[in-house]
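Architecture and fold: a report
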Amino acid sequence: MREKFFRHKRIWIAVALELIIGAALIRLAAGRILTGELTARRENAEANAQTYSERIEEDINSGIYITDSLEQIIISEDGSCNQFHEVAENLMNDSIQSIQLAPGGTVTEIYPEKGNEAGKIDLLADPSRGEYARYGMENDLVISQGPFDLKQGGRGLAVRNPVYLNHNGHKEFWGFTIVIIRVPDIFSNSMKALESFGYQCRLLKTTSPWSQEYTEVYDSGEEMIQPVSYQFGIGGDTWQLQVMPRDGWDNSGLRMVVICSGWMIVLLLTGLTAAVMILEERRRYLRELAETDGLTGLYNRSGFDRLLDRYLARHPDSRFVVAELDIDNFKSINDMYGHDAGDQALRVLAAELRKNFPRDAVIGRNGGDEFCLLLKNQTYRLPGSRLEDFTKSHKEFCHKGEKHPFTISLGYAEYPVHAQKREELMQCADAALYEVKRKGKQGCIMYREGFQQIRKQMGFALTDISENLPGAFLVYKADPQNDELLFANQEMLHLTGCGDLDEFFAYTRRSFRNLLDESDREAVEADIWRQINANGGQENDYVSFSLVRKDGTKVRVFDHGRLVDSTYYGRVFYVLLMNKKLIDAHYGQGCHPGA
């Protein structure tokens with residue numbers, strides 16, 4: 001009996017010890033979890049504070065850049081800016097209140113003038129602005145003053161950039177180039193993005209370069225307790241971004257769950273593992289979000305560069321190949337089929353890249369229609385045929401149930417044969433890509449010494465040119481049985497009385513012959529095909545006919561067309577139409593083309 005008592009006692013002692021040790025472990029684990037959660041929250045908050053401080057700095061510097069641009073014009077024009085209003089109009093955006101010039105310190109030019117007339121003052125003598133202006137002038141320093149209330153509503157920040165001219169080796173003060181920035185408009189996207197991640201924030205700046213006091217520029221409106229902060233400098237001022245999670249630092253709910261579930265050690269350990277995994281997944285999600293292209297799911301250029309730098313650091317002696325590629329005539333796809341079709345082509349190319357290259361290949365989208373590729377442990381001799389085969393392989397996207405092919409161009413370079421730094425290596429691949437473009441597109445070329453390393457693009461698009469032609473312009477299929485209308489510029493829409501392209505297509509039922517008066521239709525079509533058959537479509541003659549507008553009225557026009565071979569539609573007509581009445585009025589009867 002006594003032995004049984006002691007045996008039971010030992011069991012209960014063992015159980016009690018297990019419970020005590022378990023409780024201690026639970027308490028220790030709970031402390032570590034909560035400490036880790038707090039640390040992780042602070043680390044994430046610090047990382048976001050730094051990231052978005054850099055973005056806000058870029059946002060504000062985009063406004064300061066305006067004063068730099070004006071400064072360069074004034075220096076280049078020896079103290080004048082003859083086309084200030086035209087230049088200022090081009091520099092304006094929604095976050096800029098006004099752009100100003102202050103020669104000698106007195107504001108004489110303001111854009112826009114309306115509503116800003118009161119700004120024409122002597123800055124150096126003004127009681128509220130003089131000290132800032134003189135400090136900037138004496139120290140050759142860009143000075144920001146504010147924020148302050150704008151008379152037009154909202155708040156603003158005045159950025160004054162002192163300009164100096166060099167006359168006979170002497171530096172002479174010319175005056176200030178000034179921009180009034182609307183805050184928080186200029187960095188609202190950065191703040192909204194930060195708040196969307198569940199943070200509350202406050203942005204501060206020093207009241208002046210000579211002061212240690214801070215003034216508030218933006219506040220999300222909630223109380224902040226022990227926020228993390230990141231400082232950065234703009235001009236002579238120090239800025240500070242403060243950040244903390246909207247729901248606070250301490251996760252009290254997790255504390256209660258861990259403590260109340262202490263007797264279930266196994267479940268506690270399972271919960272601990274899950275919490276660690278969630279934290280790790282959260283970190284991974286934030287990184288992927290910052291480095292992933294939303295359209296294709298590939299790395300963006302920032303993510304690609306990071307992985308390439310990491311691979312270089314870990315494998316400095318290995319050989320590998322990088323490639324740059326893009327879609328040929330991508331602007332034409334967007335212009336002719338719309339941006340949805342262009343996006344589909346980008347997704348198709350991304351899927352083809354994943355399908356045709358090894359799983360360890362790093363694939364990124366630079367932006368627009370340009371992609372980049374890293375093939376590890378490769379030399380130019382090994383992937384050359386694979387890259388060429390991929391360039392030549394058939395690729396297509398669908399638009400309104402029809403499949404349309406597209407082609408790509410690709411250039412590549414090898415590390416360390418062509419370059420030993422990431423930037424130079426990518427420039428070599430880009431130069432090879434440009435060489436493909438220069439030789440006619442749809443090709444694959446390895447970089448060679450002498451390739452031009454600065455890519456230049458014409459920047460022309462179908463809409464850029466057609467909208468500025470001196471007349472109505474349209475494109476339609478050169479098919480007697482299917483003369484489908486493909487495109488019309490604004491002048492053509494105006495001529496037919498249509499508000500937009502959809503209305504134009506609905507009115508014509510996408511047929512060119514429906515623009516012709518029935519009395520002219522047969523003769524005009526016969527004349528057009530006579531010209532084509534007579535000289536291979538190259539005859540430069542005119543056709544005159546009555547064009548039927550949407551409201552039923554008719555206008556006599558001259559039609560001058562050109563037969564063109566299109567990659568996507570086969571033979572098409574490019575047609576320029578001119579109003580006969582306007583030509584007669586300008587040149588006189590009998591002096592117009594075709595008379």
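Right above here is the structure, for reference.
The structure reproduced in this document is the subject of the present report. (Residues numbered from 1 in each chain as written. Predicted model: local features only at pLDDT ≥ 70, side-chain atom pairs only at ≥ 80, totals over all residues. Heavy atoms only, no water.)

Turning our attention to the overall build of the chain. Across its full length, the chain holds 16 helices and 22 strands. Evaluated residue by residue, the chain yields a buried proportion of 43% over its 595 residues. For the chain, long-range pairs separated by at least 24 residues make up 57% of all intrachain contacts whose partners lie at least 6 apart in sequence. When the accessible area of the chain is evaluated, it comes to approximately 32,200 Å², of which 50% is carbon and sulfur surface. (Helix = DSSP H or I, 4+ residues; strand = E, 2+ residues; numbered from the N terminus. Buried < 20%, exposed > 50% of the residue type's maximum accessible area, 1.4 Å probe, protein only. Contact = heavy atoms within 4.5 Å. Areas by Shrake-Rupley, 256 points an atom, 1.4 Å probe, with all protein chains shown as cover.)

On to the side chain of Asp 126, then. For Asp 126, the position within the fold is in the loop between strand 2 (109-111) and helix 3 (130-139). Under the relative-accessibility criterion, Asp 126 is labelled buried at 16%. Among the polar contacts listed, one links the side chain of Asp 126 to the side chain of Ser 128, at a separation of 2.8 Å. (Polar contact = N/O pair within 3.5 Å; in protein donor to acceptor, adjacent residues only side chain to side chain.)

Scanning all chains against the criterion turns up 18 aromatic pairs. A ring pair is formed by Tyr 135 and Trp 210, whose centres lie 4.9 Å apart and whose planes are at 50 degrees; its orientation type is tilted. Taken as a pair, Tyr 135 in helix 3 and Trp 210 in the loop between strand 6 (199-206) and strand 7 (214-219) lie far apart in primary sequence, 75 residues in all. On the accessibility criterion, Tyr 135 (25% relative accessible area) is partly exposed. The class of Trp 210 is partly exposed, set by a relative accessible area of 36%. Centroid distance Trp 529 to Phe 573: 5.9 Å. Interplanar angle 65 degrees. Geometry classified as edge-to-face. Of this pair, Trp 529 sits in helix 15 (residues 518-535) while Phe 573 is found in strand 22 (residues 570-579), placing the two residues 44 residues apart along the sequence. (Phe/Tyr/Trp six-rings, centres within 6.5 Å; stacked < 30°, edge-to-face > 60°.)

A separate point is a nonpolar patch on the surface. A grouping of Ile 13, Leu 17, Ile 20, Ile 21, Leu 25 and Leu 28 is seen on the molecular surface, where their side chains present a nonpolar patch of about 570 Å² in accessible area. By the secondary structure assignment, Ile 20 is in helix 1 (residues 2-76). For Ile 20, a relative accessible area of 55% corresponds to the exposed category. (Patch = residues over 30% accessible without salt bridge, like charges linked within 9 Å, V, L, I, M, F, W, Y side chains within 5 Å. Salt bridge = Lys/Arg side-chain N within 4 Å of Asp/Glu carboxyl O.)

Bringing empty space enclosed by the protein into the picture now. Under the defined criterion, the tally for this structure stands at three cavities of 30 Å³ or more. Computed from the structure, the second largest cavity encloses a volume of approximately 50 Å³. Ile 60, Ile 64, Val 142, Ile 143, Ser 144, Leu 157, Val 159, Ile 234, Gly 235, Gly 236, Asp 237 and Trp 239 together form the lining of the second largest cavity. Looking at the lining of the second largest cavity, the elements with two or more residues in it are helix 1, strand 3 (143-149), strand 4 (155-167) and strand 9 (237-245). Split into classes, the residues belonging to the lining of the second largest cavity amount to eight nonpolar, three polar and one charged. (1 Å grid on protein atoms, 1.4 Å probe; cavity = no way out; pocket = protein on both sides within 12 Å on 5 of 7 lines; lining within 4 Å. Points joined across faces, edges and corners; volume = space filled by probe spheres on them. Nonpolar A, V, L, I, M, F, W, Y, C, P; charged D, E, K, R; others polar.)

Quick look at the pairing of strand 1 (residues 96-103) now. Looking along a regular strand, one sees side chains alternate from face to face of the sheet. Burial analysis of strand 1 places seven of its eight residues in the buried class, the great majority of the element. With three bridges joining them, strand 1 and strand 2 adopt antiparallel strand pairing. The partner of Leu 101 across the bridge, within strand 2, is Glu 109. The turn joining strand 1 and strand 2, which pair antiparallel and follow one another in sequence, is formed by five residues; a positive phi near 70 degrees is taken by Gly 104. (Pairing = 2+ DSSP bridges.)

What follows covers unusual backbone geometry. Omega for the peptide link from Tyr 111 to Pro 112 comes to -5 degrees, which places this bond in the cis form. Relative to the assigned elements, Pro 112 resides in the loop between strand 2 and helix 3. Phi is positive for Arg 509, which is not a glycine, with a value near 55 degrees. Following the sequence through the fold, Arg 509 ends up in the loop between helix 14 (501-508) and helix 15. Look at Arg 509 and you get exposed, because its relative accessible area is 63%.

Another aspect to go through is the sheet that holds strand 6. If you trace the four strands from one edge of the open sheet to the other, you get 7-6-9-8, paired in antiparallel fashion. Bordering the open sheet on either side are strand 7 and strand 8 (228-234), each of which pairs with just one other strand. With strand direction ignored, the average angle separating the axes of adjacent strands in the sheet is 25 degrees. Across seven bridges, strand 6 lies against strand 9 in antiparallel orientation. Bridged to Leu 204 within strand 9 is Gln 240. Packing of helix 4 (residues 188-196) onto the sheet brings it into contact with strand 6, strand 7 and strand 9, and relative to strand 6 it is tilted by some 145 degrees. (Axes fitted to C-alpha atoms, helices over the stretch in contact; angles between N-to-C directions.)

Glancing now at the sheet that holds strand 11 (residues 320-327). Taken together, six strands build an open sheet; the order of strands is 10-12-13-11-16-17 and the sheet is mixed. Of all strands in the sheet, those bounded by a partner on one side alone are strand 10 (299-300) and strand 17 (444-446). Inspection of the sheet shows strand 16 (residues 408-415) paired to strand 17 by three bridges, in the parallel sense. Residue pairing for strand 17: Leu 410 is matched across the bridge by Cys 444. Against the sheet, helix 9 (residues 339-356) makes contact with strand 11, strand 12 (362-367), strand 13 (370-375) and strand 16, and its axis sits at roughly 155 degrees relative to strand 11, the strand it touches most.

Along its 14 residues, helix 7 (residues 301-314) runs 20 Å from first to last C-alpha, staying within 8% of the 20 Å computed at 1.5 Å per residue. Burial in helix 7 covers these residues: Gly 303, Phe 304, Asp 305, Leu 307, Leu 308, Tyr 311 and Leu 312. (Expected span 1.5 Å × (residues − 1).)

Another point: the side chain of Lys 205. Positionally, Lys 205 belongs in strand 6. Residue class for Lys 205 comes out buried when judged on its relative accessible area of 0%. Separated by 3.4 Å, the side chain of Lys 205 and the backbone oxygen of Gly 146 make a polar contact. Contact partners of Lys 205, with chain neighbours within four places excluded, come to Ser 144, Gly 146, Leu 157, Glu 213, Tyr 214, Thr 215, Val 217, Asp 237, Thr 238 and Trp 239.

Counting residues in hydrophobic clusters, the biggest one holds 43 residues, and the most contacted among them are Phe 187, Leu 203, Leu 241 and Val 243. In contact with Val 243, not counting residues within four places along its chain, are Ala 45, Ala 49, Leu 194, Tyr 199, Gln 200, Cys 201, Met 224, Pro 227, Val 228 and Trp 249. (Core = buried A, V, L, I, M, F, W, Y, C linked by side-chain atoms within 4.5 Å.)

Moving on, we get to helix 3. Among the residues making up helix 3, those that are buried are Gly 130, Tyr 132, Ala 133 and Gly 136. All buried residues of helix 3 lie within an arc of 165 degrees about the axis, which places them on one face of the element. Where helix 3 is buried, its residues meet strand 3, strand 4 and strand 5 (170-183). Phi turns positive, to about 50 degrees, at Asp 140, one or two residues after helix 3. (Arc of directions from axis to C-beta.)

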